[in-house]
Amino acid sequence: MNKEQLIALGLTEEQADSVIAGFGTMIPKSRLDDKINEVKELQTQITDRDNQLTELSKNVKDNETLSAQILQLQEQNQNTATEYETKLQQKEFDFALERALNGAKAKNPKAVRALLNSEAIKLDGEKLLGLDEQLTALKESDSYLFESDNLQGRTPPGVKHHTPGAYNKPNPFAKDTFNLTEQGALLRDNPELYTQLKSLASN
């Protein structure tokens, strides 16, 4: 998405420059697409409100009716603005949390997030307050969920070393024998074999 396309969506040249500058050339296209969708949604809301006001001006019968309709319209618009702001904040939170989990070398960010108390995590600017403590605890209690440079190439204590050739069950990552339960057991008990079988199935 370039500057001309942003202007075509209804942004002024100054707004288009601001969007491009805010996202930079290294921001994933998905993030820029989200921003464009936010602009489209805002434009739709503005159009809806303009239509509401136009319709209101046609139906006004007296001052009392006008006041009641204006109050109702103001309440509806306030609710819309609140819902929009909530959605926007949730998107920013989700993006920041996903980035943090990837930075923490989570093997499966969705699985790790399911174990977090999201209510205790707050987004403050670009920082997630209350996340580090939970990640530290998870790395101690469920270390298999995270990549570890220290354990790379080694078999975890208490876990027998396996090779794909010695695995006597169907590959749970293969299309015909796909099995989430077995995948979870492998990830917990033998991360090395988990990675090997997953790689074989993707080839």
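Before reading further, recall that the structure is shown in the block above.
What you see is a predicted model; the values in this text were computed from it and never measured.

Q: Any chance you could break down the packing of aromatic side chains for me, citing the residues and the numbers?
A: According to the stated counting rule, one finds one aromatic pair in the structure shown. Considering the side-chain rings of phenylalanine 173 and tyrosine 194, the 5.0 Å spacing of their centres and the 85° angle between planes classify their relative orientation as edge-to-face. With phenylalanine 173 in the loop between helix H6 (131-141) and helix H7 (180-189) and tyrosine 194 in helix H8 (residues 191-202), this pair connects stretches of sequence that are 21 residues apart. There is no split in this pair, since phenylalanine 173 and tyrosine 194 are both buried. Over the ring of phenylalanine 146 we find lysine 139; its NZ or CZ atom is 5.5 Å from the centre of that ring.

Q: Can you lay out the side chain of asparagine 171 for me, pointing to particular residues and giving the numbers?
A: By the element assignment, asparagine 171 lies in the loop between H6 and H7. At 3.1 Å, the side chain of asparagine 171 forms a polar contact with the backbone oxygen of leucine 197. Leaving out residues up to four positions away in the same chain, asparagine 171 has contacts with Thr177, Leu197, Leu200 and Ala201.

What counts as what
Residues numbered from 1 in each chain as written. Predicted model: local features only at pLDDT ≥ 70, side-chain atom pairs only at ≥ 80, totals over all residues. Heavy atoms only, no water. Phe/Tyr/Trp six-rings, centres within 6.5 Å; stacked < 30°, edge-to-face > 60°. Helix = DSSP H or I, 4+ residues; strand = E, 2+ residues; numbered from the N terminus. Buried < 20%, exposed > 50% of the residue type's maximum accessible area, 1.4 Å probe, protein only. Lys NZ or Arg CZ within 6 Å of the ring centre and 35° of its normal. Polar contact = N/O pair within 3.5 Å; in protein donor to acceptor, adjacent residues only side chain to side chain. Contact = heavy atoms within 4.5 Å.

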